[in-house]
Amino acid sequence: MLEAAKTPAAVVCQQGLDPESIKAHFADHLKHTLARDHYTATPHDRYLALAMVVRDRLVERWIKTQETHHDRHVKRVYYLSLEYLTGRSLGNNVINLGIEAAVEKAMADLGLNWVDLRDEELDAGLGNAGLGRLAACFLESLATMQVPAMGYGLRYDYGIFRQHIQNGWQVEQPDDWLRGGHPWEIPRPDYLIPVQFEGRVETGREGGRLTFRWVDTRDVLGMPYDIPVVGYGGQTVNTLRLWSARAAQEFDLQDFDQGDYVAAVHSKVMAENLTKVLYPADAVYAGRELRLRQEYFFVACSLFDILRRFKVDREGWSELPHRIAVQMNETHAALAVPELMRLLVDREGMGWEAAWDLVVRSLSYTNHTLMPEALERWPVDMIERILPRHLQIIYEINRRFLKLVADRYPGDLERQCRMSLIEEGAVRQVRMAPLAIVGSHATNGVSAIHSRLLKASVAPDLAEMYPGRFCSVTNGVTQRRWLLKANPALADLITKTIGSGWITDLRQLARLTPLAEDAAFRQRFMAVKRQAKTVLADYLRAKYGWKIDPDTLYSVLVKRIHEYKRQLLAVLGLMIRYNRLRSKAPPDVPPRTLVFAGKAAPNYTMAKLIIKLIHNVASVINNDPAAARLLRVHFVPNYRVSLAERIMAAADLSEQISTAGTEASGTGCMKLMLNGALTIGTLDGANIEIADEVGPDNIFIFGLTAEQASAQAGRHDPQSVYRQDAEIREALDLMFSGHFNPQEPGIFAPLRAALLDQGDRFLCLADLRSYVDTQDRVDALYRDPHAWARKAILNVAHSGRFSSDRAIGEYAREIWHVGPCPIEMDPVPKM
Ligand code: 26W
């Protein structure tokens, strides 16, 4: 696939990008860095050695990028995210450096398989789900588009838990992702940063001005680890800087001297617990103190670092918004508002108004969820104890803000109560989303419908007061990972057909449109799809012993397990299909393989029960001779980025079936479309825009709209659906008859109660008939391979809008006001 010959051989050799120097340096690292010889080296050692060879080749470009950004006094984007779901890095770094062919040859010369080595890497799973994966795609696009940018986050010792399945139940295991060493990071102890907690605030006066000193604090140090982020073409290498907590004091000498060794290290253990583990909550806010401490630690380290870098140039503070654009990824970073105020007012001695103006112009905020249970609110007394000075600042922000509200809407006390940043009640709480909106110049939702609902439902008063602050940027995914790397055969077919321009300009996929009408191309396209399906089947057979037939329709539902995402709706649809197949006159449907994957938050009982249900249903169906020929169900354990890459390439049908109005955007839907899957989905999140792009004939839309769904609140009567629709009734009766859980009676009762007795909050039964009928249309289309192939090709051809390059372009223009900074580096080989 690579044509290294396009780059002058001399440049390739000089940069060490040729197979011979890769081989030499590989041997060198294996021996001198890892102290291994031919006999003792494990596959993981070889992966490490190769990763170091690649890292070495990034370093010069990394340094050159940083020098250039510094010399040109560029404006930088700072992406503040508590989550980065990077997955594996070696494969993408090699692709972006243009050295895949050279690496493959070098390894083959040594009798090693490049792909096997590449897949030795453990996923970096420092995130829960879409929000974290989006952050990773965005960093890659920023580098590819040569935008000066830095990601900030936390270096958790343990990422998202490993999901193990025991008797159908999810069991969480710690994700010890650093155990084999992490070759991509470089510690920077010279930039260690002190962070204060607790203590008290001393008020004083200096020359007629009130001063605030935050004293008697317990301090923790932030140790930065830098990870290079290389863009496609290898020109720009930006940095992801992750903070790890270190004790300010290794141990208490007094306790040590008295022989109490446990007490002596207590504060060290407490401090370092801060970045021990990622909170595995997804869309259900936990409100735990350790989480608040993590958020503050991360924000404090990052802002301190940003201001330190700003101050190097000795420009006036008024330049700040021209040099930095700080993006708060969810309210997880919203403490940036009071923290930046504190740094400017208390430490730099700036007046409140001047500081506030800089804060608002420097910060912006992305909202990723409307679910009320996910909106962060921190108890006032918890903030007061842990961040006393910040509570004072939040009160002052609120006081001034409410005065603006009062001036604007005199006499409207109800509105003032509604808009207060402090929620009154049994427990007084700080509302973080409104704080982020008030303290920044731009707030965006992540799809058109989500941005509209954000204004209408979460922040109507703020949207009225600051209409210019709200905007919308639909999410995207990087095609370098999700097509070029994840689906090499399809990438190759596309490049052979329309050239390689799509790799950095995804809209060029539109040139495939006429080929949908070309029978020979359709054949080649479907051959590539079948090959990807075989690769997945082989992988699952080798790993789990499953026998999956690549000639079945692969329908995939892969994402976090959550009631609003409605895996339960898919199971209900499955019940109906199963009942039909068991009936006296079974329908003649194309054979299907239904693939589920996803993690449930460890404390989310319902979601874990849904995983159990899927397993029990799968084991009965897969062993029932009446059904198994035409229907198979598999739950693939431990969904993560590297597994997603395998699944996306192989899917025929993408199930995006959330209750309309609940899924902010979704990005899995984009990855699947890009790989030629057709979507069955509700008019929710990005599905709406996918439908707009591909046209109503090339997508299967079903169910209630967001407006219809919200009109159902309190009205929907699941019992009447049960009574009136015989097929649905039989499906529910079967599901809760004990047929799937003979040894475990009653375990699914909570699901039955949620559906039938507690109002069916997510409207599964309201949408089930429409879902099932639409699945029948999917079957009918799949019977006609050419008609299916045509629509699949049109889906790829119309996926250009869903590149994260497009999303980053919009953020850069409309929110950050930054442009690219080309780096003068010798080009790397072109694909
Ligand atoms: C408080 C803990 C917590 C942790 C994560 C609360 C909320 C979250 C996020 C909502 C999780 C998330 O990943 N959200 C997803 O973000 C994607 C990127 O914008 C969207 O595509 C998904 O629709 C949204 O669910």
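Residues numbered from 1 in each chain as written. Predicted model: local features only at pLDDT ≥ 70, side-chain atom pairs only at ≥ 80, totals over all residues. Heavy atoms only, no water.

Helix and strand counts for the protein chain stand at 34 helices and 25 strands. Over its C-alpha atoms the protein chain spans a radius of gyration of 27 Å, differing by no more than 12% from the 28 Å that the globule rule assigns to 831 residues. Projected onto the principal axes, the alpha-carbon positions of the protein chain cover approximately 90 × 75 × 60 Å. Split into buried and exposed, the 831 residues of the protein chain put 61% on the buried side. Taking as baseline every contact in the protein chain between residues at least 6 positions apart, the subset at least 24 positions apart corresponds to 78%. Taken as a whole, the protein chain presents about 31600 Å² of accessible surface, with 53% of it coming from carbon and sulfur. Of the side-chain charges in the protein chain, 99 are positive and 101 negative, and the distance between the mean point of each set is 2 Å. (Helix = DSSP H or I, 4+ residues; strand = E, 2+ residues; numbered from the N terminus. Rg over C-alpha atoms; globule rule 2.2 N^0.38 Å. Buried < 20%, exposed > 50% of the residue type's maximum accessible area, 1.4 Å probe, protein only. Contact = heavy atoms within 4.5 Å. Areas by Shrake-Rupley, 256 points an atom, 1.4 Å probe, with all protein chains shown as cover. Lys, Arg positive; Asp, Glu negative; His and termini not counted. Charge placed at Lys NZ, Arg CZ, Asp CG, Glu CD.)

On to the nonpolar core, then. In this structure, Phe297, Phe401 and Trp816 are the most contacted members of the largest nonpolar core, which totals 144 residues. Beyond its immediate sequence surroundings of up to four residues, phenylalanine 401 is in contact with Met419, Leu421, Val438, Leu462, Met465 and Tyr466. Counting residues in each nonpolar core, the second largest holds 124 residues, with Trp502, Phe521, Ala651 and Leu734 among its members. (Core = buried A, V, L, I, M, F, W, Y, C linked by side-chain atoms within 4.5 Å.)

So, about the pairing of strand E6 (residues 169-173). In this sheet, E6 lies alongside strand E5 (residues 162-166) in antiparallel orientation, the contact comprising five bridges. Note that in E6 the partner of glutamine 163 across the bridge is glutamate 172. Joining the antiparallel neighbours E5 and E6 is a turn of two residues, in which asparagine 167 adopts a positive phi near 50°. (Pairing = 2+ DSSP bridges.)

Our focus in this paragraph is the sheet that holds strand E15 (residues 377-379). Read across the sheet, three strands follow the order E15-E17-E16 without closing on themselves; strand pairing throughout is antiparallel. The sheet is open, and its two borders are formed by E15 and strand E16 (422-423), each paired with just one other strand. Two strands pair when backbone bridges link them, and E15 and strand E17 (residues 429-431) are joined in this way by three bridges, in the antiparallel orientation. Counterpart to tryptophan 378 in the pairing with E17 is valine 430.

With that out of the way, let us pick up the site of the ligand. Leu131, His368, Asn475, Glu663 and Gly666 are the nearest of the 19 residues found near the ligand. Asparagine 475 has a polar side-chain atom sitting 2.8 Å from an oxygen atom of the ligand. Here an oxygen atom of the ligand and a backbone polar atom of alanine 664 are 3.4 Å apart. Residue composition of the shell around the ligand, grouped by class: nine nonpolar, eight polar and two charged. (Near = heavy atom within 4 Å. Polar contact = N/O pair within 3.5 Å; in protein donor to acceptor, adjacent residues only side chain to side chain. Nonpolar A, V, L, I, M, F, W, Y, C, P; charged D, E, K, R; others polar.)

On inspection of all chains with the given rule, the structure shows 70 salt bridges. Here arginine 88 makes a salt bridge to aspartate 119, at a shortest N to O gap of 3.4 Å. Residue arginine 88 is located in the loop between strand E2 (84-87) and helix H4 (90-96), and its partner aspartate 119 is located in the loop between helix H6 (114-118) and strand E3 (124-126); the two are separated by 31 residues in the primary sequence. Judged by relative accessible area, aspartate 119 falls into the partly exposed class, the value being 23%. In this structure, aspartate 492 engages lysine 496 in a salt bridge whose closest nitrogen and oxygen atoms are separated by 3.0 Å. With aspartate 492 and lysine 496 both in helix H21 (residues 488-498) and four residues apart, this pair spans about one turn of that helix. In this structure aspartate 492 comes out as partly exposed when scored by relative accessible area, which is 24%. What makes lysine 496 exposed here is its relative accessible area of 64%. (Salt bridge = Lys/Arg side-chain N within 4 Å of Asp/Glu carboxyl O.)

As a further point, take H21. Along H21, the residues that are buried comprise Leu490, Ala491, Leu493, Ile494 and Ile498. Looking straight down H21, one finds that the buried residues subtend no more than 160° of arc, so they occupy a single side. For H21, the elements touching its buried residues are helix H20 (479-485), helix H22 (519-544), helix H26 (668-674) and helix H33 (785-797). Looking at the residues trailing H21, positive phi occurs at glycine 499, about 85°. (Arc of directions from axis to C-beta.)

With that settled, consider the sheet that holds strand E20 (residues 553-558). With respect to topology, six strands assemble into an open sheet ordered E22-E21-E20-E23-E24-E25, the strand pairing being parallel. Each having just a single partner strand, strand E22 (631-635) and strand E25 (700-701) make up the two edges of the open sheet. Sheet topology note: the strand E23 (residues 653-656)/strand E24 (residues 678-681) ladder contains four bridges and is parallel. For glutamine 656, the partnering residue across the bridge sits in E24 and is glycine 681.

The next thing to look at is the packing of aromatic side chains. Between two aromatic rings, the relevant description is the distance of the centres plus the angle of the planes. Counted under the stated rule, the structure contains 13 aromatic pairs. Their ring planes at 35° and their centres at 6.5 Å tell us that phenylalanine 521 and phenylalanine 525 sit as a pair that is tilted. Placement of both phenylalanine 521 and phenylalanine 525 in helix H22 is noted, with a separation of four residues, approximately one turn of the helix. For the pair formed by phenylalanine 521 and phenylalanine 525, the shared burial category is buried. Arranged with centres 4.8 Å apart and planes meeting at 25°, the rings of tyrosine 544 and tryptophan 546 form a pair that is stacked. Overall, tyrosine 544 belongs to the partly exposed group, its relative accessible area being 30%. (Phe/Tyr/Trp six-rings, centres within 6.5 Å; stacked < 30°, edge-to-face > 60°.)

This next bit is on the pairing of E22. Of all five residues in E22, four are buried; the element is thus mostly enclosed. In the sheet, strand E21 (residues 592-597) pairs with E22 via five bridges, with the strands oriented parallel. The partner of threonine 593 across the bridge, within E22, is arginine 632. Taken together, E21, helix H24 (residues 605-622) and E22 constitute a β-α-β crossover, and its handedness is right-handed. (Right-handed = clockwise from strand over helix to strand, strands pointing away.)

On to unusual backbone geometry, then. Backbone geometry at glutamine 146 places phi at a positive 60°, although glycine is not the residue there. Mapping glutamine 146 onto the fold places it in the loop between helix H7 (130-144) and strand E4 (149-154). By relative accessible area, glutamine 146 is classed as buried at 16%. One non-glycine residue, glutamate 330, lies in positive phi territory at about 70°. The residue glutamate 330 is located in the loop between strand E13 (324-329) and helix H12 (336-347) in this model. According to the relative accessible area criterion, glutamate 330 is buried, its value standing at 5%.

Take helix H2 (residues 19-33) next. Compared with an ideal rise of 1.5 Å per residue, which puts 15 residues at 21 Å, H2 spans 20 Å between its outermost C-alpha atoms and is within 8% of the ideal. Buried residues of H2: Ser21, Ile22, Lys23, Phe26, His29 and Leu30, and no others. Here the buried face of H2 lies against helix H3 (43-71) and helix H5 (100-109). Just downstream of H2, alanine 35 is the residue with a positive phi angle, here 55°. (Expected span 1.5 Å × (residues − 1).)

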